[in-house]
Amino acid sequence: MQVSTAFQSNIYEKPLAYRKAHSCETALVNLVEEWKRARDNRLSVAILSTDMSKAFDSLHPPLLLSKLKAYGFQEGTIQLLNSYLCDRKYRVKIGSHTSSSTTISRGCPQGSSLGALMWNIFQMIFFVVVKSSLSMYGDDHQMFHVGNDQSTVALELRETARNATNWYDSNLLAGNLKKYHIMNIGDSEDKNGVIHKICVNNEEIKTIDKLELLGVILDSNFNFTDHISLICKSAKG
């Protein structure tokens, strides 16, 4: 595929999933180490973990094709992908019974390398919109701010939460506000003892002490005790 220089320099900068030399482990290590460095310097960290309902299944093919055109893909490539993504049908077979075919108008085909690449392309501009430190692994987004005090990072995170939700909406994705979570590393209160609440669309985002991050449970003190306990229970059967 022939693409623009701007696309080449950005596609592999932020999305971490489905890429060579990247994994859940590298994403976790990078995040935890960055947060630890901030705490070593006595800085506050405020983390927002968002959730999208059926993210891959909600991808809008015409919007993706428009993004590809803006990134400099050749017209022939765009038409080929249009044929691949649009007018798809599926049916279900159980035993000897087969359902009628239904046309799929949304979604990014999963289980293929191309589907994963399309998803990364679709969301790669997200880091420009949220203006925060960001980790994107598939549809798992972690946004965080580091600052001298809790008041500062809470104000920045409030703006990030709104921008992220607006981006999901404008890209025809469903941000599930009830599953958004905030975790503070360091003080949860500012110097006046105030806990800053963050609301988006009149929905208060829940602040938690333990965050499930790419399948690993981490608490605000950088302990993995709960995750280790869960593994031990699973091992015992």
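The paragraphs below set out a description of the structure included in this document.

Scoring rules and cut-offs
Residues numbered from 1 in each chain as written. Predicted model: local features only at pLDDT ≥ 70, side-chain atom pairs only at ≥ 80, totals over all residues. Heavy atoms only, no water. Phe/Tyr/Trp six-rings, centres within 6.5 Å; stacked < 30°, edge-to-face > 60°. Helix = DSSP H or I, 4+ residues; strand = E, 2+ residues; numbered from the N terminus. Buried < 20%, exposed > 50% of the residue type's maximum accessible area, 1.4 Å probe, protein only.

**What about the packing of aromatic side chains?**
Item 1. Enumeration over the complete set of coordinates arrives at 7 aromatic pairs.
Item 2. Residues Phe 56 and Trp 119 carry aromatic rings whose centres are separated by 4.8 Å and whose planes lie at 25 degrees to one another, so their mutual orientation is stacked. With Phe 56 in helix H3 (residues 55-58) and Trp 119 in helix H6 (residues 113-123), this pair connects stretches of sequence that are 63 residues apart.
Item 3. Its relative accessible area of 11% is what places Phe 56 among the buried residues.
Item 4. Given the relative accessible area of 0%, Trp 119 is considered buried.
Item 5. Geometrically, the ring pair formed by Phe 122 and Trp 167 is edge-to-face, given 6.5 Å between the ring centres and 65 degrees between the ring planes. Residue Phe 122 is found in helix H6, and its partner Trp 167 is found in helix H8 (residues 150-170); the two are separated by 45 residues along the sequence.
Item 6. Judged by its relative accessible area of 0%, Phe 122 falls in the buried class.
Item 7. The exposure class of Trp 167 is buried, given its relative accessible area of 5%.

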